[in-house]
Structures are given as structure tokens and as C-alpha cells.
Amino acid sequence: MKGTQKLITDRRAHSILVGIVSFACLFNFMLGFFRLGQHDFREDEFQVVDTAVNYVHNGEWYKWDWVQDQSGKFTDCITQDPRCHYTRAWPHTWLVAQSFRLFGISPWAARLVSVLFGVLATAVVFFVARFFTHNRLIAVLSSFSFALSPELLALFRLTRMYALLLPLFLLAAYFLYRGITETQRVNTGSRRLNTFFERYLHVHYGYLGLGILCLFLATLLHVNALILLPVLFVYMIYLALMYRHPTAILSCVVGIIGITLATYFIRYTDVLFSIEGFFAPLTLRHFIYLRFIAGYPFPVWLGTVALIGTMFGCWMIRRRQARDKMVYLSTLVAVALFFFIFVADRYTTFTYISHIVPFGLMLILYGMVVFPSLLLKSFPRAVRVWKIVVTVLVLSFCIAAVYSHRGVLYGEEYAYGRFSEAYQVIVEDYQPEQAVFAQYLRGIYVDGLPANTHVVNMLKNKAYTEQQFFADLHAYPSGWITWETRKAYHLRQSIRLYIRQHFRHVHGVGVDNTHVEVYYFDQSMVK
């Protein structure tokens, strides 16, 4: 009778959890889908969209030339744009192309893929948090915090590969942990070989295979997924020191050999030359990455205290299985923070560490829920009250964060270019023989220009000289000059100053808030 009662109770609890997580997923979808297509494409979205459109037309990984109305493979794109042949994160681009086939080419159709994977990631966060923390409340709060994070919501509303990277990285970390900590018998038919596997390769091959597959797919999306390799190496050192298991010791030896070979190839050969520039060991201090991890859902100081407290406190957990799981999460976050703060020589951005954020949330919430509960365990009512307080605080901070970022997510507080508005005058007033001088021309928004339009690429990083600029000006009777306000630093200041002093300013700073500079010129204005 007691067994039946327990089974009924467990089923009810399971149904309630499924309902709560489903609500978190629904909430994430609503917040992600609301006004999804209101903002124009921005920055790296264009290269994904242009390639996806070309894939729809031709099945090739080249950008679409909107002015010539054909693949960039056959236009100036192939010589002027080093990324005209764009294969980066191709699984994501392929999914965007399928969305275009189903719903047509539009901002919301391009971003729909990210929204859907945001919903998937919300569910995966609950599943992974439940496994590692053994705490339903932490799993639920992790899922809701993830679903309501303004930074993550912004990421899931962009046509970028990070939306796919997040759930894949979560699953890779989960499966690989189970692969190296659980076991699966292998019968090779040879007694000696079986003994070797039992002693030195005592792992779960099913989970290990799934983990490697997820990590491979995640790496196709972004190289930052490989942070999991040093995490696993450090964790295997922990297992080797704590339990002296031959499998862990062998893994450490293989890891040391791998690190030695990688160091050699990076320093003395060109095999890994493409990633050498990403490293500047111990010369950096990008502490903003700590704010990215610890600054949500609580204030950054409180999140940092809870994060560090959990990292150190997890060593005192008595149950081996629970302790090992929390040490794994702590190792993952600590190694990632060390790498991005002190080693990775890149410009700082939330997207680079976004796949680590869910694990940071789990650690922060663990520190806020479990450790205080242990101190109050002699007072059951106080424990229940504390859990209610933490739940209310977490949800309050999350809702307040979304509300405070509503203008950026859904309103007009948008610092990126409104190309559809600014380029409209170019398309509507274009005359034959005119030229369009552009710094990063966003072709999708000049789709109405004739195929014989003269487009002058003003290059980037100040490579466009004054001599070339004036030579190009005198080559055409009139035309248009445009660049995104945020990208103005790519043009020489002397060129920008000349344009402002002599040509008619149509859009941009001082005229409107499109954040796109548009000027008209004819030969009477050229001095």
C-alpha cells in the first residue's frame, strides 16, 4: 500500500514538474517571438541570411548578391568579400534556409530558428540542472532564470549560431560527464582484452559517444565549444587524485600528451596558425566575463559570493556522487572564466561565454538554496520559508530584468541601423549611371536597385584612401554614400569630414535616429 501511495505521489510530482517546465518553455517562446521581425537585420546576421538565401536558390554556401540578383560566386563579392564563400556554422545556416523555404524571406523567419532552439535549451537546462544538483527547486529556478534572461533572450532573437550552440553544449557536458563516470561492460571475445577495457577504459561508451557527437556538432557551430576539453582534463586530474582509478590516470596521461602536441603545433608550425592569435596567456584582464556569469539573476556582488561559495563549498559535500557532480560544474565554470578572462585574446562579448551561463546559474542557485538550508536543517519551517524567499527573489529579479530591457528587446531603443528606412531614399530616387558608395552595403535592403548599379566598396579598417575616394567620386556624375553609424571608424576621418562638409546629409546623426549615414552628391558639390 505504501509503495502504491509513493508511486502515485511521484507521478503527481513528475506531472507538476513537467507542467512548470512547459510553462517556462512557453514563456520563453512568447518573449522570444513577440515582435520578432520588428528590427532590421544587424551585423553578422547579414552573412547568415545572404548565404541562406543563396542556398535556397542554388544549394551553395555563397552569399547572395542582391543587386546583381545572383550568387556572389559570379559577382564582385567573390573578390571583394573574404567571407563570400561562407561555410561557418553551416548547420545553422541550413536551418535558416529551410525556414525561408517554409515562410519566405523575412527577419522573423530567419530568427525563428533561434527562438525554437531557445525553447529547447530552456527544457534542457531543467533536465541537466536536475541531474547535477539533485534538487527540483534549483532545476525549476535555473530553467526560469534561463528563460527570462534579457541577454539570452536577445541572443535567441538573432539569426546567429549561438542559439544552437547552447543546447548542444549543455547536452555534450551532460553526456560526457556520464560517459566518464559511469560504466558499461564490453565483451570483445578475448579475456585479456576484456580485462584491459575493464581496468583502463572503464567508461560508458553509449553516453561517451553521444557526448562526442554533441561536442562535434557544437564545435561546427563555434570553436568556443572546445573549452570542454580542458574542463574534462582538469576533472580527470581530480578523479585521478581522489580515487586513483586507472582509467582517470590514463586519461590524464593522454591529456598531457595532447596538450604538449597542441602547444608544439601552435608555437612551431602553421598547422594551428588560425587559432594562435586567439591566445595571449596571462596578459589580459577581461573581468567583465565574471559579470556575464555572476551578474544574473541576482546583483553581481551577490551572484559572485554565491558562485565562489559554491565552488569552494562543494568540496565539503559528504555524498560522493553529489560532490563529484558539483566539482564538475565548478571546474567547468572556473576553467571557462580563467580562459576568457586571462587567455582568450578577443574582444569581450556575452555571446562568447553564453554557453557557460546556464552552469553559472546552477552554481549560484545551489549556493543560494542548498547551503543556507543545511545551516537551517534543525529548523524545518525556516528551511521552507528560506526556499520561498529565494524563489520570490529569483522570479522578482528575473521579471525586473526583462522589464528594464524591454526597450532594447521590443521598443525603439535600438542602437543598430534601420537600413529599411535609411536605404529607402536610395532605392526610390536612384537614377541611371549613379553610384552607391557603401561601407558594408546591406544588400537585402537595396533589392530594388537595377542590376547594373555601380557599387563602390569602401572596404574596411581605413583601407580606403583619400586618393582612391576622390578618383571614384570623379568617375560618376552623382550618387549616394552610406555607412552604418556604429561602423564609422572603418572610414578615414578625413573622408568622413569631407563628406559632411560638402554633400547633402539625408539620414543619420543630426538628421534622424536611423543610425545609418546616407549622403547624396553630384559633381557640383565635389570640390
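So, a few notes on the structure that sits alongside this text. (Residues numbered from 1 in each chain as written. Predicted model: local features only at pLDDT ≥ 70, side-chain atom pairs only at ≥ 80, totals over all residues. Heavy atoms only, no water.)

Concerning the packing of aromatic side chains
- Tallied over the full model, the rule gives 48 aromatic pairs.
- In textbook terms, an aromatic cluster arises when at least three aromatic residues are bridged by ring pairs, as seen for Phe 127, Phe 131, Phe 132, Tyr 174, Phe 175, Tyr 177, Tyr 207, Tyr 235, Tyr 238, Tyr 243, Trp 315 and Tyr 328.
- Here the guanidinium or amino end of Arg 320 rests over the ring plane of Tyr 243, the centre of that ring lying 3.7 Å away.
- When the ring centre of Phe 131 is taken as origin, the NZ or CZ atom of Lys 325, which lies over that ring, is 3.7 Å away. (Phe/Tyr/Trp six-rings, centres within 6.5 Å; stacked < 30°, edge-to-face > 60°. Lys NZ or Arg CZ within 6 Å of the ring centre and 35° of its normal.)

Some words on the state of the cysteines
- Applying the stated rule across the entire model yields 1 disulfide.
- In this model Cys 77 forms its disulfide with Cys 84; the gap between the sulfur atoms is 2.2 Å. In this structure, the disulfide formed by Cys 77 and Cys 84 twists by about 125° around the S-S bond and is classed as right-handed.
- The class of Cys 77 is buried, set by a relative accessible area of 15%.
- Given a relative accessible area of 1%, Cys 84 falls into the buried group.
- Looking at Cys 25, it has no disulfide partner, and the nearest cysteine sulfur is the one in Cys 398, 15 Å off.
- The thiol of Cys 214 is unpaired, and the distance to the nearest cysteine sulfur, on Cys 25, comes to 18 Å. (Disulfide = S-S within 2.5 Å. Buried < 20%, exposed > 50% of the residue type's maximum accessible area, 1.4 Å probe, protein only.)

Side note on a nonpolar patch on the surface
- Together, Tyr 200, Leu 201, Ile 249, Leu 250, Val 253, Val 254, Ile 257, Leu 261, Tyr 264 and Phe 265 make up an exposed nonpolar region whose accessible area comes to about 830 Å².
- A total of 8 residues in the nonpolar patch trace back to one element, the largest contributor, which is helix H12 (residues 246-268). (Patch = residues over 30% accessible without salt bridge, like charges linked within 9 Å, V, L, I, M, F, W, Y side chains within 5 Å. Areas by Shrake-Rupley, 256 points an atom, 1.4 Å probe, with all protein chains shown as cover. Salt bridge = Lys/Arg side-chain N within 4 Å of Asp/Glu carboxyl O. Helix = DSSP H or I, 4+ residues; strand = E, 2+ residues; numbered from the N terminus.)

Some thoughts on the packing of helix H11 (residues 228-243) against helix H16 (residues 320-343)
- Running from amino to carboxyl end, H11 crosses H16 at an angle of 145°, the nearest separation of the two axes being 9 Å. Taken as a pair, H11 and H16 cross one another with a handedness that is right-handed. Listed contacts from H16 to Leu 228, Pro 230, Val 231, Leu 232, Val 234, Tyr 235, Tyr 238, Met 242 and Tyr 243 of H11 are Arg 320, Arg 323, Asp 324, Lys 325, Val 327, Tyr 328, Thr 331, Leu 332 and Val 335.
- By residue class, the composition of the contact of H11 with H16 is 13 nonpolar, 1 polar and 4 charged. (Axes fitted to C-alpha atoms, helices over the stretch in contact; angles between N-to-C directions. Left-handed = near helix turned anticlockwise from the far one by under 90°. Contact = heavy atoms within 4.5 Å. Nonpolar A, V, L, I, M, F, W, Y, C, P; charged D, E, K, R; others polar.)

Overview of the side chain of Ser 478
- Of note, Ser 478 is situated in strand S5 (residues 478-484).
- Overall, the relative accessible area of 10% leaves Ser 478 in the buried class.
- Here Gln 434 takes part through its side chain, which lies 3.2 Å from a polar atom of the side chain of Ser 478.
- Non-local contacts of Ser 478, meaning those with residues more than four positions away in its chain, are made with Glu 433, Gln 434, Ala 435, Tyr 520, Phe 521 and Asp 522. (Polar contact = N/O pair within 3.5 Å; in protein donor to acceptor, adjacent residues only side chain to side chain.)

Some remarks on the pattern of salt bridges
- Applying the stated criterion across every chain, the model contains 12 salt bridges.
- Put simply, Arg 442 and Glu 484 hold a salt bridge, and the shortest N to O gap is 3.7 Å. Of this pair, Arg 442 sits in the loop between strand S3 (435-439) and strand S4 (454-457) while Glu 484 sits in strand S5, and the two are 42 residues apart along the sequence.
- What makes Arg 442 buried here is its relative accessible area of 9%.
- Exposure remark for Glu 484: the relative accessible area of 3% places this residue in the buried category.

Observations concerning unusual backbone geometry
- The residue after Tyr 296, namely Pro 297, is reached through a cis peptide bond having omega 5°.
- Its place among the elements puts Pro 297 in the loop between helix H14 (288-294) and helix H15 (300-313).
- Phi is positive for Tyr 440, which is not a glycine, with a value near 60°.
- With relative accessibility at 30%, the residue Tyr 440 sits in the partly exposed group.
- With a phi angle near 65°, His 515 is a residue other than glycine that sits in the positive phi range.
- Position of His 515 among the secondary structure elements: in the loop between strand S6 (504-507) and strand S7 (516-522).
- Accessibility expressed as a relative area gives 27% for His 515, which makes it partly exposed.

Quick look at the side chain of Arg 111
- Take Arg 111: it is sitting in helix H5 (residues 107-133).
- By relative accessible area, Arg 111 is classed as buried at 2%.
- Contacts of Arg 111, omitting those with residues within four sequence positions, involve Leu 36, Gly 37, His 39, Asp 40, Phe 41, Glu 45, Phe 156, Arg 157, Leu 158 and Thr 159.

Quick notes on the environment of Tyr 243
- Mapped onto the secondary structure, Tyr 243 falls in helix H11.
- Leave out the neighbours within four places in its chain, and Tyr 243 touches Tyr 238, Arg 320, Arg 323 and Asp 324.
- Reaching out from Tyr 243, the side chain makes a polar contact with the side chain of Arg 320 at a distance of 3.5 Å.

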